[in-house]
Amino acid sequence: TELWDKCDQLLEHCIHEVRSLSNLLHPPIIEDAGLPSAAEWYIQDFARRSGIKVHADGLEVLSVLSDTSRLVVFRALQESLINVYRHARATRAEVRASREENSIILTVTDNGIGIDSKRVEQFNSSGASTGVGLTSIRERVRELGGHCLISSSPQGTSLKISVPVS
């Protein structure tokens, strides 16, 4: 029975972890409250967990995106902030959303150490030389007819995605 109890506890832990991961990848709040609220929730949670100060501006414009675009933009936001945490050694980040003509622009900027200019150039031209996460975001954005660009210096990095509004 002791072994059975341990197996039961392990199974409960696994179920909890899968639910947590599922909620992070596609939080129900996107459907319930909309992308602007989901993005705000994620940003606040990220800042609390990471200790990085994050300022957000203009998130309300994200409400005009289609279902498919909403998920791509949310995943881009997640991946961008995760990269800030893992690689940038930043203390601050800014998330800015805006509308320009027929596109929604999402920009995530940090005050970290930057990315090597050769890697930035390769990413911007072909999507190569960055991790799987950024390459995946670039491809998803391109499938929507959008663009994804990185600019970087020793004072920080900026990822800008542009997604068309139908």
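Residues numbered from 1 in each chain as written. Predicted model: local features only at pLDDT ≥ 70, side-chain atom pairs only at ≥ 80, totals over all residues. Heavy atoms only, no water.

Engineer: Teacher, can you tell me more about the side chain of T107 here?
Structural biologist: Tracing the chain through its elements places T107 in strand β3 (residues 103-110). Dropping the residues within four chain positions of it, T107 is found in contact with E94, V95, R96, S158, L159 and K160. (Helix = DSSP H or I, 4+ residues; strand = E, 2+ residues; numbered from the N terminus. Contact = heavy atoms within 4.5 Å.)

Engineer: What should I look at first to understand the layout of surface pockets in this one?
Structural biologist: The probe, sized like a water molecule, is rolled over the atoms to show the empty space still left. The space that makes up the largest pocket amounts to roughly 410 Å³. Surrounding the largest pocket, 24 residues form its lining, N83, H87, I115, L134 and T157 being those nearest its centre. Only α4 (67-88), β3, α6 (132-143) and β5 (156-164) provide two or more residues apiece to the lining of the largest pocket. A total of 7 residues in the lining of the largest pocket trace back to one element, the largest contributor, which is α4. (1 Å grid on protein atoms, 1.4 Å probe; cavity = no way out; pocket = protein on both sides within 12 Å on 5 of 7 lines; lining within 4 Å. Points joined across faces, edges and corners; volume = space filled by probe spheres on them.)

Engineer: Explanation requested: the nonpolar core in the structure shown.
Structural biologist: Most often, soluble globular proteins keep nonpolar side chains buried together rather than apart. Counting residues in hydrophobic clusters, the biggest one holds 38 residues, and the most contacted among them are L62, V73, L77, L81, V95 and I161. Every element with two or more residues in this core is listed here: α3 (35-50), α4, β2 (92-100), β3, α5 (117-126), α6, β4 (147-153) and β5. For this core, the element with the highest residue contribution is α4, accounting for 8 residues. Here V95 is in contact with I43, V54, H55, A56, D57, L59, L77, L81, L106, T107 and V108, once residues within four sequence places are set aside. (Core = buried A, V, L, I, M, F, W, Y, C linked by side-chain atoms within 4.5 Å. Buried < 20%, exposed > 50% of the residue type's maximum accessible area, 1.4 Å probe, protein only.)

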